[in-house]
Amino acid sequence: MTGGTLQMARAAAAGAGGEAGVAVSLLRAAEAGAEDVLKADGYIFATPENLAGMSGMMKDFFDRTYYAAFERINGRAFLTLVCAGSDGRNAAQQIDRIAAGWRLKPIADPYIVCTHAQTPEQILKPKMIEAVFLARCEELGKTMASGLAMGIF
Ligand SMILES: Cc1cc2nc3c(=O)[nH]c(=O)nc-3n(C[C@H](O)[C@H](O)[C@H](O)COP(=O)(O)O)c2cc1C
């Protein structure tokens, strides 16, 4: 809603995109469907934490794709990025549980960036994620892509 997750996702995609032989699709949850899930070798799920969970759009994505992909993507790699005001753990845990159902393998712990937005004004303001956190997202994207390219994941 306020751009933080988007910046994290773009940074991860940029990091992954630098790897030769790896094609990256950066999709909004609303645009992504089961065919995207089936054709990818690995996944980076990026969501804000809203009301102690993943965003409604992200939940909708999993609702639409879960059974279409069930038992067809076992063992693929995934990573979760969460943009949160002050917590983020519930959103990460929800995605972990879905990924466990899909038998995906985490390539790293969920990466949570807190924007320290607490008041309504801060929460509704556009977010600027600090360069150091975006650099970590980029690095994680690169790790995903190089691991896939080398056949490690
Ligand atoms: C309706 C709403 C509920 C929120 N609930 C939480 C929450 O439960 N935990 C938390 O850490 N942050 C919460 N936040 C703060 C957001 O995670 C934070 O503003 C974050 O930057 C949103 O990501 P975005 O910039 O990609 O929209 C909430 C924000 C909104 C708008």
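Counting from 1, residues in each chain are numbered in the order their sequence is written. Whole-chain, interface and lining totals are the exception, using all residues; otherwise, since this is a predicted model, local features are given only for residues with pLDDT of at least 70 and side-chain atom pairs are given and counted only at 80 or more. No hydrogens and no water enter the side-chain calculation; it runs on all heavy atoms of the structure.

### Observations regarding the pattern of salt bridges
Argument step 1. Each salt bridge in this description consists of a side-chain nitrogen of Lys or Arg and a carboxyl oxygen of Asp or Glu lying within 4 Å of one another. Enumeration over the complete set of coordinates arrives at five salt bridges.
Argument step 2. Across the pair Asp87 and Arg89 runs a salt bridge, and its minimum N-O distance is 2.9 Å.
Argument step 3. The classification of residues rests on relative accessible area computed with a 1.4 Å probe and restricted to protein chains. Under 20% of the type maximum is buried, over 50% is exposed, and intermediate values are partly exposed. According to the relative accessible area criterion, Asp87 is partly exposed, its value standing at 29%.

### Things to note about the site of the ligand
Argument step 1. Here a residue is considered near a molecule or strand provided that any single heavy atom belonging to it is located within 4 Å of it. Around the ligand, 19 residues are found, and the nearest of them are Thr2, Thr5, Glu49, Leu51 and Ala52.
Argument step 2. The definition of a polar contact used here is a pair of N or O atoms within 3.5 Å, where within protein one atom must be able to donate a hydrogen and the other to accept one, and adjacent residues in sequence count solely through side-chain atom pairs. Interatomic distance of 2.9 Å between a backbone N/O atom of Ser86 and an oxygen atom of the ligand.
Argument step 3. Asp87 places a polar main-chain atom, nitrogen or oxygen, 2.8 Å from an oxygen atom of the ligand.
Argument step 4. Using a 1.4 Å probe, accessible areas were evaluated by the Shrake-Rupley method; residue-level cover was limited to the displayed protein chains. Considering the ligand on its own, with 630 Å² of exposed area, one finds that the protein chains cover 83% of that surface.
Argument step 5. Looking at the shell around the ligand, the elements that each hand over two or more residues are helix 1 (4–17), strand 1 (42–50) and strand 3 (77–84).
Argument step 6. Numbering goes from the N terminus for both helices and strands, where a helix is a DSSP run of H or I of at least four residues and a strand is a run of E of at least two. Take the shell around the ligand: its biggest share by element is three residues, from strand 1.
Argument step 7. Residues of the shell around the ligand, tallied by class, amount to seven nonpolar, nine polar and three charged. Put simply, Ala, Val, Leu, Ile, Met, Phe, Trp, Tyr, Cys and Pro go in the nonpolar bin, Asp, Glu, Lys and Arg in the charged bin, and everything else, Gly too, in the polar bin.

### Some points on the packing of aromatic side chains
Argument step 1. Between the rings of Phe, Tyr and Trp (Trp by its six-membered ring), a pair exists once the centres lie within 6.5 Å; its type follows the angle of the planes, with under 30 degrees stacked, over 60 edge-to-face, and the other angles tilted. Applying the stated criterion across every chain yields a total of 10 aromatic pairs.
Argument step 2. The interplanar angle of 50° and the centroid separation of 6.4 Å between the aromatic rings of Phe45 and Phe61 together place this pair among those described as tilted. Separated by 16 residues along the polypeptide, Phe45 in strand 1 and Phe61 in helix 3 (residues 56–69) bring together distant segments of the chain. As far as the burial class goes, Phe45 and Phe61 line up, both buried.

### What about the side chain of Thr47?
Argument step 1. Checked against the element boundaries, Thr47 lands in strand 1.
Argument step 2. Of the polar contacts made by the side chain of Thr47, one reaches the backbone nitrogen of Ser55; its length is 3.0 Å.
Argument step 3. In what follows, residue pairs with any heavy atoms lying within 4.5 Å of each other are defined as contacts. Leave out the neighbours within four places in its chain, and Thr47 touches Thr5, Met54, Ser55, Met58, Leu81, Val82, Cys83, Ala91 and Ile95.

### So, the packing of helix 1 against helix 6 (residues 131–150)
The relative placement of two packed helices comes down to the angle between their axes together with the axis-to-axis distance.
Argument step 1. To get an axis, a line is fitted to the C-alpha atoms, and for a helix only the part in contact is used. The angle between two axes follows their N-to-C directions and goes from 0 to 180 degrees. One can describe the packing of helix 1 onto helix 6 by two numbers: an axis separation of 6 Å at closest approach and a directional angle of 40°. Classified by the interaxial angle, the pair formed by helix 1 and helix 6 is oblique. By crossing handedness, the relation of helix 1 to helix 6 is classed as right-handed. Of helix 6, the residues touching helix 1 (which contributes Gln7, Met8, Ala11, Ala12, Gly15 and Ala16) are Leu134, Cys137, Glu138, Gly141, Lys142 and Ala145.
Argument step 2. Residues that form the contact of helix 1 with helix 6 fall into these classes: seven nonpolar, three polar and two charged. Each angle is binned into one of four classes, with values under 35 degrees roughly parallel, values over 145 roughly antiparallel, values of 65 to 115 roughly perpendicular, and all other values oblique. A clockwise turn of the near helix away from the far one marks a right-handed crossing, whereas an anticlockwise turn of less than a right angle marks a left-handed crossing.

### Things to note about unusual backbone geometry
Argument step 1. Even without being a glycine, Ala52 presents a positive backbone phi close to 60°.
Argument step 2. One non-glycine residue, Arg103, lies in the positive phi region at around 60°.
Argument step 3. Within the element layout of this structure, Arg103 appears in the loop between helix 4 (89–101) and strand 4 (105–106).
Argument step 4. What makes Arg103 partly exposed here is its relative accessible area of 45%.

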